[in-house]
Amino acid sequence: QVQLVESGGGLVQPGGSLRLSCAASGRTFSSYAMGWFRQAPGKERDLVAAINWSGHWTYYLDSVKGRFTISRDNAKNTVLLQMNSLKPEDTAVYYCAAAYGLGPAPRHEFEYGYWGQGTQVTVSS
């Protein structure tokens, strides 16, 4: 069992930065790949970034490449999403998710068995 709690969302102007944090409970955090998803009103939930158990493999949605960075600290049971050069189209609820396994992080929502409650990110002037 893994429990996930996100923090760090808020209101930021276009071009600004935010850092989302996801704190995980449990002693086997390093056995899970982690992903950050987002869902805007009226749209599907999309995988924004993912990282495998060791942190050596990452994935990014094309629209966030070069702007967002995912990282993890297995000693602190934490995964971060650094978001720079934010755009209004980045506005969404962002969710942290965990998928058990030691391969590359999954890309599909159904493969993630544990989810946080979500944190709102609003990019607006």
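Trainee: Explain the overall build of the protein to me, and be specific about the residues and the numbers.
Mentor: The helix and strand inventory of the protein stands at 0 helices and 11 strands. Listing every helix and strand of the protein by position from the N terminus yields β-β-β-β-β-β-β-β-β-β-β. The globule rule puts the C-alpha radius of gyration for 125 residues at 14 Å, and the 13 Å found for the protein is close to it. Taken along the three principal axes of its C-alpha coordinates, the protein extends 40 × 25 × 25 Å. Put simply, the protein has 125 residues, and 44% of those count as buried. A fraction of 60% describes how many contacts in the protein between residues 6 or more apart in sequence connect residues 24 or more apart. Accessible surface, the protein: about 6500 Å² in total, of which carbon and sulfur atoms supply 48%. When the 11 basic and 9 acidic side-chain charges of the protein are each reduced to a single mean position, those positions are 6 Å apart.

Trainee: I'd like a rundown of the packing of aromatic side chains, residues and numbers included.
Mentor: Scanning the model with the defined rule gives 6 aromatic pairs in all. Joined through ring pairs, the aromatic side chains of Phe37, Tyr95, Tyr112 and Trp115 make up one cluster. For Arg45, the ring lying beneath its charged end belongs to Trp115, and the centroid distance is 4.0 Å. Residue placement shows Arg72 over the ring face of Phe29; its charged tip is 4.5 Å from the ring centre.

Trainee: Explain the side chain of Arg72 residue by residue, including any values.
Mentor: If you trace the backbone, Arg72 turns up in strand E7 (residues 68–73). Asp73 provides the closest opposite charge to the buried, unpaired Arg72, separated from it by 8.2 Å. Within the structure, the side chain of Arg72 is placed 3.0 Å from the backbone oxygen of Phe29, a separation counted as a polar contact. Other than its neighbours up to four places away in sequence, Arg72 contacts Phe29, Ser30, Tyr32, Ala33, Met34, Ile51, Asn52, Trp53, Ser54, Gly55, Thr78 and Val79.

Trainee: Report on the state of the cysteines, specifying residues and quantitative values.
Mentor: According to the stated counting rule, one finds 1 disulfide in the structure shown. There is a disulfide in this structure between Cys22 and Cys96, and the S-S distance comes to 2.1 Å. The disulfide joining Cys22 to Cys96 has a torsion of about -80° about its S-S bond and is therefore left-handed. In this pair, Cys22 sits in strand E3 (residues 18–24) while Cys96 sits in strand E9 (residues 92–100), placing the two residues 74 residues apart along the sequence.

Trainee: Quick rundown of the sheet that holds E7? Include the residues and the values.
Mentor: Strand order across the open sheet formed by 4 strands is E1-E3-E8-E7, with antiparallel pairing between neighbours. Strands with a single pairing partner mark the edges of an open sheet, and in this sheet they are strand E1 (4–7) and E7. Going across the sheet, the axis of each strand differs from the next one's by a mean of 15°, ignoring polarity. Pairing geometry for E3 and strand E8 (residues 78–83), over 6 bridges, is antiparallel. From the neighbouring strand, Cys22 faces E8, where its bridge partner is Val79.

Definitions and cut-offs
Residues numbered from 1 in each chain as written. Predicted model: local features only at pLDDT ≥ 70, side-chain atom pairs only at ≥ 80, totals over all residues. Heavy atoms only, no water. Helix = DSSP H or I, 4+ residues; strand = E, 2+ residues; numbered from the N terminus. Rg over C-alpha atoms; globule rule 2.2 N^0.38 Å. Buried < 20%, exposed > 50% of the residue type's maximum accessible area, 1.4 Å probe, protein only. Contact = heavy atoms within 4.5 Å. Areas by Shrake-Rupley, 256 points an atom, 1.4 Å probe, with all protein chains shown as cover. Lys, Arg positive; Asp, Glu negative; His and termini not counted. Charge placed at Lys NZ, Arg CZ, Asp CG, Glu CD. Phe/Tyr/Trp six-rings, centres within 6.5 Å; stacked < 30°, edge-to-face > 60°. Lys NZ or Arg CZ within 6 Å of the ring centre and 35° of its normal. Salt bridge = Lys/Arg side-chain N within 4 Å of Asp/Glu carboxyl O. Polar contact = N/O pair within 3.5 Å; in protein donor to acceptor, adjacent residues only side chain to side chain. Disulfide = S-S within 2.5 Å. Pairing = 2+ DSSP bridges. Axes fitted to C-alpha atoms, helices over the stretch in contact; angles between N-to-C directions.

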